[in-house]
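Residues per chain, in single letters:
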Amino acid sequence: MAKAKLRMGYLFSFAVKNLMRYKKRTLITASAIAYGLLMFLLIDGMLTGADKESERNLIWYETGSARIYNKEYWENRENVPVKYTIDNPDEIMKALDDRNIKAAPRITFGAEMIIYEDPYPESGNKFVRAVGVDLDKDSQVFQLQDKLDEGRFPKAGEFEVVIGSWLAKDLGAELGYPITVSTRSKNGFIQTFDVEIVGILTTPNPIVNKSTLMMPIDIVDEMLLMEGSVTEINMAFSEIGDIDKQLAPIQKLIADVSPSNEVLSWKILGADYLAIASAKREGTSSIIGLVFLIALIGISNTMLMSLFERRREIGTMRALGMTDFEVMISFLFEAGGIGLLGGILGVILGIGANFYMVNYGIDFTSLIGDMDIGYRIATVFKSIWVIPSYFLSVLMGFGLSVLIAILPTRKALKVSITECLRAE
Amino acid sequence: MNTYVVAWRNIGRNKRRTALSAVAITVAAFGMVLLFSIIAGLSFEMQDNFVRYITGDILIEHEEFEKYQDINPLHFYVPDQEELIKKMEALEGVAHAFPRINFGGQLYSQASIGEFKRVSIFGFDPVAESDTMNMTSHLVPETNSQMPAANSREVIISEGLAKREGLKVGDKINLATMTVRRAAFQITMKISGIAYFDFSQMNEGIVFIPFDLAQYIVDYSGFDGAMSVNVVKKTNVERGDLEKQINDVLKTESAYQGITARAFENVSTIYSFLKMAEYIYYFMGLLFFLLASTVIINTTMMVIFERTREIGTLSALGMKGKEIVRLFFTEALIIAIIGSLVGVVIGTAMAIWLEPTGFDFKEAMQGVDFQISGMMKPKWNPVIAIFVLAAGIVVSSFAAYFPAKRASRIKPIEAMRKDY
C-alpha cells in the first residue's frame, strides 16, 4: 500500500455526509443502542439508589459506622452470645471520648418473648434479639430521636421497653402492655422478667421496625449478671468517608487499650445485606451484558447490511484512489457516529426516565409487603443520579460500535475492486 | 403475478440478507424459549418444594393458626389427628395424609453457656411421609445415619445444623422449649442421623423429630393433637375440588370445629411469596422479550429501508402499492416463520436437554435467601413454544409491515433517486 498522507478531516466529513445520507438507518441503529443504554441507566440508577439508601439506613439505625466486639464474638454471632464480652467498656469509652469519637455501649441478647391473652389478642412466644442501651449515649450514635410514634424512651433503672412498630402490630401490642422476657444469664441459668412497653418506634429501616426490643442497659446488666461487661460498643463517624481509613487509628487504639477486642466496620457488620447487594449487582452486570448483546447484534447487523449494500460504493471509492485504510477509517467514523448518537440519545432518555425515578420512585408496597428482601429501605424504590454511568454509556455506545465495525469492514475490503463494482 | 412465488424468489436471490434477518429472529426466539423455560422451571421447583415439604396439596389446620403463626400459637391445634387422617384417607381423591408439628426451641449444653442457640423443630411421621418427603433418601450416607428407632428419643438433624454446631451421629442434644400451656420444657435426645435437603429452608437449623415424640414435647398427647394435617391428592384430582370436599367433611363433625382445609394456593403467606417470585419472573421475561424484539425489529426494519430503491423500481414497473406491501410482508412473514421455527426448535431441544441436569447457579445464589436450590432446571412446556413462535412471527412481520407500507407510498422517482 502506498504511503499516503491521511486526510482525516476529509474522511471525517465524508463519514458525516454518509450518515446524513442514510438518515433512517442511522436513526434505527442509534435508537437500538439508545434503548439498551436506557435500560442500563434505569436499572443502574435504581440499584445504586437502593444501595446508597440501604447503606445510610444501616449505619444510622442498625450498625453505626463501626463497632467494637470481643474477638470471639463475630464468629459466634448467630448464637447471640453474652459470654464473649467487652470487659472494660468504661476504659474504652473514655479513650474514645478523648479522641472525640461518639460511642455507645450495648448489650445484645437472645430471648424468648412471651405474651399472654389479655391484654394481647392471643398468647404466644417468639424469639427476639433484645438490646440493652444507654439512652443518652445511644442517641448520639443512632438517629433514634423523633422516631417514636408514641410514648417515650425507657428510663434508666426501670423495667421498661421500646418496641419496633411492625413488631407491635404483629403482636397487637399497645403502650402499657407487659412482655415477659425469658433468657439465660451470662453464666447459664434461666432468667425471666417482665417489662412494660413505654414507646413504639418507627424508622426508615424495616429490620429495626420488625425486631427492636430496647431496654435500659442497667436492667439488662442486672438480669443477665453481666457485671459491667457489654457485648458491643457502637461508634458513629460524623462524615461518611473511606471507612477503612477512618478505622485505622481506632483499631490501633483498641489494640493498645484492650487487645482482646476488635473493631469491625459497618461493611462487615452489614455483610448479609452486602452479600445480597453484590448478588443484585451481578444481576446488573448481566443486564449490561444483554445491552452489549443488543448493541452487538444491532450494530453488526447494520454494518454488515450497509457494507453489503454498499459494495459498489466501496468499489468506486477504492477505484477513485482511496486507500483501504482510508475506507476503513471512514467506515469506522460512521460506526462511531452512530454509536455516539445512540449514546447521547440513550443518555437523554435515561435522564428523562431517571428524573421520574429520582423524584418519585416506584412503590413496591403491594408487592413486597413486610417481606425481607435484604434492602434496608422502605418499600418505595428511588433512584439516584449516578453521573459516571452516563459518561460510561456514551463511551460504551461509541466504543462498542467502532469495535464491532472493524471485522465486516476488513472483510469487505478483501474483495477485489472489480468484483465490488460488478455487484448488483 | 403470484406474490408468494416472487417472495420466495426474493428470499433466495439475496441469501445473505435473508440469513442475516433470519438469524436475528432465530437467536431471539431461541433465547426466549430457553429463558422462559428456566423461569417456568424455577417457578415449578419452588412450588413443588413448598407442596412437598411445607404444606402438602391441602393443609388442614386451625383457622386462627396462620394469623398468629409468628408467635408460636400452639393452642390452635388439630385434635384427634389419627382419626382425622383415617377419614381423609377414606376420601376418594386423597392419596395419603400425614400430621405435622412445628415449633421453635433452643439447644443448650455446658459449652453453650452464655449463648442462645435457636433451632426449629420439625415433627413428622417418617412412615406416612415416606412417599413425599422420603427422609431416608435425604440421610447423608457418609455419616452412618439411621432413621430414628420407634419409641426412642432419637432425632435427625439438618446438615446445616450439624455443621454449625459440630454435631455428629450418636451425639446427644438438650432442647429447651415450651409446651402448649407455655410451660418450660427440657429434653435430651440422641442424634441418629444427619439429613441434607436441596431446599434451603429445610437445611438451616432444623431438628427432625418423630411425630409422637413431638406430641410428647409440646404436650399434645392427651388429645392426640397435631399442628396440621397435610393431605396429598391423587394426580387426577383438582386441589380446589378436594379442598371443598374436605371442608364439607370437617363441617359435619363437631370435634373439628374451627379446623379448616386450604388448598396450597390458598395458604396466603406462601402464596404471596410465590406471587412475588412470579412477578419477578414475569418482569425478567418481559425485559428479555423486549430486548429480543428490538433485535428483530431493528433487523427487519433495516432490511426494508435498504430496499427502498427496489420498491421504487417495482412501483415504476407498475406494481400497485398494495401489492408491494403484500409482497414485502409475505417475504418478511416467510423469514419470520422460518427464523422463529428454527429458534423455537433449537431452544426446545436445548431446554429439554438441560432439563435433567440444569445449570449450576450455586455460586451466584450464595447469600440470596430465595427458596430455590442452586441448580436451575429449565422446564419446557408447549405454551412457551407456541407463545414464542407466535411472538416471533407477529413482531417481525409487523416490524416489516409498517415501513413497507410507507415505502410503497413514496413516488417511484423519489424512491429511486434517494438513498435511504
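Now for a look at the structure at hand.

Scoring rules and cut-offs
Residues numbered from 1 in each chain as written. Chains lettered and ligands numbered in written order. Predicted model: local features only at pLDDT ≥ 70, side-chain atom pairs only at ≥ 80, totals over all residues. Heavy atoms only, no water. Helix = DSSP H or I, 4+ residues; strand = E, 2+ residues; numbered from the N terminus. Buried < 20%, exposed > 50% of the residue type's maximum accessible area, 1.4 Å probe, protein only. Contact = heavy atoms within 4.5 Å. Areas by Shrake-Rupley, 256 points an atom, 1.4 Å probe, with all protein chains shown as cover. Phe/Tyr/Trp six-rings, centres within 6.5 Å; stacked < 30°, edge-to-face > 60°. Lys NZ or Arg CZ within 6 Å of the ring centre and 35° of its normal. Pairing = 2+ DSSP bridges.

## Topic: the overall build of chain B
Stage number 1. When its secondary structure is counted, chain B shows 13 helices and 11 strands.
Stage number 2. Buried positions account for 55% of the 420 residues belonging to chain B.
Stage number 3. Sequence-distant contacts, at least 24 apart, represent 78% of the contacts inside chain B between residues at least 6 apart.
Stage number 4. If you sum the accessible surface of chain B, you get close to 19300 Å²; carbon and sulfur atoms cover 59% of it.

## Things to note about the packing of aromatic side chains
Stage number 1. Here the structure, examined in full by the defined rule, presents 23 aromatic pairs over all chains.
Stage number 2. The interplanar angle of 85 degrees and the centroid separation of 5.8 Å between the aromatic rings of B:Phe185 and B:Tyr216 together place this pair among those described as edge-to-face. Residue B:Phe185 is found in strand 6 (residues 184-195), and its partner B:Tyr216 is found in helix 6 (residues 211-218); the two are separated by 31 residues along the sequence.
Stage number 3. A residue is classified by how much of its surface remains accessible, and B:Tyr216, at 39% relative accessible area, is partly exposed.
Stage number 4. Through pairs of rings, three or more aromatic residues link up here, namely B:Tyr53, B:Phe122, B:Phe124, B:Phe197 and B:Phe208.
Stage number 5. Positioned above the aromatic ring of A:Trp60 is the side chain of A:Arg56, whose terminal nitrogen or guanidinium carbon lies 5.0 Å from the ring centre.
Stage number 6. Across from the ring centre of B:Tyr108, 4.3 Å away, lies the NZ or CZ of A:Arg184, which sits over that ring.

## A word on the pairing of strand 1 (residues 66-70) of chain A
All names here are of chain A.
Stage number 1. Buried residues dominate strand 1, accounting for 5 of its 5 residues.
Stage number 2. Side-chain alternation along strand 1 places Ala66, Ile68 and Asn70 on one buried face and Arg67 and Tyr69 on a second face that is also buried.
Stage number 3. Alignment of strand 1 against strand 9 (residues 232-236), held across 3 bridges, turns out to be antiparallel. Counted as the bridge partner of Ala66 is Met235 from strand 9.
Stage number 4. Pairing of strand 1 with strand 10 (residues 261-265) involves 5 bridges; the strand directions are antiparallel. Across the sheet, residue Ala66 finds its bridge partner in strand 10, namely Ser265.

## Comments concerning the pairing of strand 8 (residues 228-233) of chain B
Residue and element names in this part refer to chain B.
Stage number 1. In terms of residue burial, strand 8 counts as a mostly covered element, since 6 of its 6 residues are buried.
Stage number 2. Burial along strand 8 is two-sided: Ser228, Asn230 and Val232 and Val229, Val231 and Lys233, pointing in opposite directions, are all buried.
Stage number 3. Relative to strand 8, strand 1 (residues 58-62) runs antiparallel, the two sharing 3 bridges. The residue bridging Leu59 from the neighbouring strand is Asn230, located in strand 8.
Stage number 4. Across 6 bridges, the pairing between strand 2 (residues 94-108) and strand 8 is antiparallel. Its bridge partner being in strand 8, Arg100 is matched across the sheet by Ser228.

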